[in-house]
Amino acid sequence: MTRTVAHFLVDALEHVGVRQIFGMIGDSLNALGDAVRHSNIEWVGVRHEEGAALAAAGQAKLTGQLAVCCGTTGPGSTHLVAGLYEASRDHAPVLAISGDMARMNRGTDFIQTTKPDLLFRDVALYTETVVDPAQAPKVVHQAIAAAYAGRGVAHLTVPQDVMMSAMKGEPLSPATLRPRSEIAPAEADLAAIARRIDEARTVAIMFGGGCHGAADELRALSDRLKAPLIHSVKGKDLLPYDDPRSLGGIGMIGTRASYLAARRCDLFLMVGTDYPYSEYLPDHGKVAQIDERAEALGRRAPTACAALGSARPSLRRLLELVQAKSDSGFLDGAKREREDWDRMLDRQADPERSRDKIHPQAVARMVGDLADADAVFVFDTGLNTLWSANWIRQTGSQRIIGSFNNAAVGTALGQANGVQALDRSRQVIAMCGDGGFNMLMSEFLTAVHHELPVKVVVYNNGAVGLIALEAEEFGIPAFNKAIEYPNPDFAAFARACGGHGFTARKPDELRGAIEQALAAKGPAIVDAVVPADELPNLPHVEVATLEKVAIAKVKEAVLAFTGS
């Protein structure tokens, strides 16, 4: 059999440990598909190319290893772009491959003409077209290296005739293509942070996704400094919800205890987090930060000192430099405030809170409590994110991913498919709003087709709930005709696709529906019907914002009365 560029590309991906390629086959990808067929890589054919990009992004976010997606000529590749922003914005290594028309048709306004290198320039760290078979070894190597080095998207366009061309050669230096190593901080920078810590009477520590692998060091530093721990949503899965050091999250995905601790502490230490909402962070300038991305240092809050380094080696060295503190009063007071907040969450999540309607807090709490101890949760974006992130009580062994930087609606199911493909025996649960699920519900067919036993929980409130809340924060009445819509029967849809579907409309139906879905052998959907007018908790809100919300509510009442 003649060895083609397609075979070389697939061999190179096998060498670096790629296990699946997500895509939709087409004329310019036929040679690639044939090469995959003769390899150990699994082809996962999706129903929409955005689903392929999301699946690859989900894998890469979870593992830090290269994941791969592809799209065929023109529209097949343009569909990839939206999903690739998930990997780009969350710093996950993904290689996207675009098929393209034969080289002889370039520049002739041929059918499905696009300019892929231009199209992918914003989302990709590296984008290049393979114009000659002899070029393939170096360009493929460069693309994979760029995805790992920058932790983001690399993109290759391979014209149809190049993909099918014969070539010789082996992958270049595959041993060098691996995730980036941890960065040791400069000693002087850490020493400056240690001095600040020693001078401070009270310290609070905020950590994010950059601290994965450093949970033990975080706990040890907290114990040494008697410092409460606060997580961003990307760091939520590092510690169990009931860790005595933890105050929970911050902001709307958080607790009032965290907000107050951040404001009251003498020094606020941020580790492995680029939390974007500055209004919830201290503005007094007594902030120290550790991050392995230089561009993240000092940009979210006025920062007194910083160190460029990965969380684990930085925290280990910091533990050797700082003096132990003996006064636990600050931590003890913050823990009492957290306990008060938790009691409120428990009341809101009680299924018996209402006789005839299911509150979304109860859905999140019950799914979290019934899930496996090592389950993977994939959160969608919207009001549903607040329910899932605030009410699921994580074990510390589970993982949580979502569209936390890109904040794109409709991304959970696609990412969940990618995660599930890595291990079909591990429980993967996509927590979706109805609006987001509707966007790419076709990817449930992908799950059925490839026997990916993903469990999907849909908060069915018949509206894009977060949009109403965002409008009201500016004093604008919600435009109900634009955000409310009828939904299909999601449970019936699941069964029509060949999966399992369960519906819960009343509180006494909720546990049974979730238990049956989690026990089902194959993909399943829980259609949880919840009210659209449920409001999230606000750990902190400005008086001016409350005034605007009140004005919006009055306007909404007037519009409802007049029928406008």
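Our structure is the block above this text.
Anyway, here's the lowdown on the structure attached to this text. Computed from a prediction, not measured in an experiment: that's the story for all the values here. (Residues numbered from 1 in each chain as written. Predicted model: local features only at pLDDT ≥ 70, side-chain atom pairs only at ≥ 80, totals over all residues. Heavy atoms only, no water.)

**Focus: the packing of aromatic side chains**
Under the defined criterion, the tally for this structure stands at seven aromatic pairs. Between the aromatic rings of Phe444 and Phe493, the centroid separation amounts to 6.2 Å while the plane-to-plane angle is 45°, which identifies the pairing as tilted. Here Phe444, found in helix α17 (residues 443-449), pairs with Phe493, found in helix α20 (residues 490-496); they are 49 residues apart in sequence, far enough to count as distant. Pair check on accessibility: Phe444 and Phe493 agree, each one buried. An aromatic cluster is present here, built from Phe437, Phe444, Phe490 and Phe493 joined pairwise through their rings. (Phe/Tyr/Trp six-rings, centres within 6.5 Å; stacked < 30°, edge-to-face > 60°. Helix = DSSP H or I, 4+ residues; strand = E, 2+ residues; numbered from the N terminus. Buried < 20%, exposed > 50% of the residue type's maximum accessible area, 1.4 Å probe, protein only.)

**Describing the nonpolar core**
Grouped together as the largest cluster of nonpolar side chains are 49 residues, with contacts concentrated most on Cys69, Leu84, Phe437, Phe444, Val456 and Ile525. Considering each element in turn, this core owes the most residues, seven residues, to helix α3 (residues 49-63). Sequence-distant contacts of Cys69, defined by excluding residues within four places in its chain, comprise Phe22, Ala52, Ala53, Ala56, Leu80, Leu84, Val94, Leu95, Ala96 and Ile97. Grouped together as the second largest cluster of nonpolar side chains are 39 residues, Val233, Ala375, Ile400 and Leu510 included. (Core = buried A, V, L, I, M, F, W, Y, C linked by side-chain atoms within 4.5 Å. Contact = heavy atoms within 4.5 Å.)

**Thoughts on helix α2 (residues 30-37)**
All of the buried residues in α2 are Ala31, Leu32, Gly33, Ala35 and Val36. Elements in contact with the buried residues of α2: α1 (5-15), β1 (20-23), β2 (42-45), β3 (67-71) and α7 (160-163).

**Quick word on the sheet that holds strand β9 (residues 246-249)**
With respect to topology, six strands assemble into an open sheet ordered β9-β8-β7-β10-β11-β12, the strand pairing being parallel. Every interior strand has two partners, whereas the edge strands, β9 and β12 (305-308), have only one. With strand direction ignored, the average angle separating the axes of adjacent strands in the sheet is 15°. As defined by bridge partners, strand β8 (residues 229-231) adjoins β9 across two bridges and the pair is classed as parallel. Note that in β9 the partner of His231 across the bridge is Gly249. Against the sheet, helix α12 (residues 329-349) touches β7 (203-207) and β9, its axis set at about 50° to β9. (Pairing = 2+ DSSP bridges. Axes fitted to C-alpha atoms, helices over the stretch in contact; angles between N-to-C directions.)

**Overview of the sheet that holds β3**
Whenever strands of a sheet pair, they do so through backbone hydrogen bonds, lying parallel or antiparallel. Strand order in this open sheet of six strands is β2-β1-β3-β4-β6-β5, and the pairing throughout is parallel. Taken across any chain shown, the strands that pair with only one partner, and hence form the sheet edges, are β2 and β5 (124-129). For this sheet, the mean inter-axis angle between neighbouring strands, taken without regard to orientation, is 20°. Pairing analysis gives five bridges linking β3 to strand β4 (residues 94-100), with the strands arranged parallel. Considered in β4, the bridge of Ala67 is made with Val94.

**Describing the environment of Lys138**
Note that Lys138 resides in helix α6 (residues 136-150). By relative accessible area, Lys138 is classed as exposed at 64%.

**Quick look at the pattern of salt bridges**
Pairing is possible between side chains that carry opposite charge, provided their charged atoms lie close to one another. One pass over the full model with this rule turns up 29 salt bridges. Here Lys234 and Asp90 are joined by a salt bridge, their closest N and O atoms 3.3 Å apart. Taken together, the residues Lys234 in the loop between β8 and β9 and Asp90 in the loop between α4 (75-89) and β4 connect sequence positions 144 residues apart. Lys234 gets classed as partly exposed once you look at its relative accessible area, which sits at 25%. The class for Asp90 is buried, based on a relative accessible area of 9%. Residues participating in the shared-partner salt-bridge network are Asp274, Arg293, Glu295, Arg299 and Arg300. (Salt bridge = Lys/Arg side-chain N within 4 Å of Asp/Glu carboxyl O.)

**Regarding the packing of α3 against helix α15 (residues 412-422)**
Closest axis-to-axis distance for the α3/α15 pair is 6 Å, and the angle between their directions is 55°. Judged by the angle between their axes, α3 and α15 are oblique. Judged by the sense of rotation from one axis to the other, the crossing of α3 with α15 is right-handed. Contact with α3, carried on its side by Gly51, Leu54, Ala55, Gly58, Gln59, Lys61, Leu62 and Thr63, involves Gly414, Gln415, Gly418, Val419, Ala421 and Leu422 of α15 and no other residues of that element. Class assignment of the residues belonging to the contact of α3 with α15 gives a composition of six nonpolar, seven polar and one charged. (Parallel < 35°, antiparallel > 145°, perpendicular 65-115°, else oblique. Left-handed = near helix turned anticlockwise from the far one by under 90°. Nonpolar A, V, L, I, M, F, W, Y, C, P; charged D, E, K, R; others polar.)

All we've got here are geometric facts, nothing functional implied.
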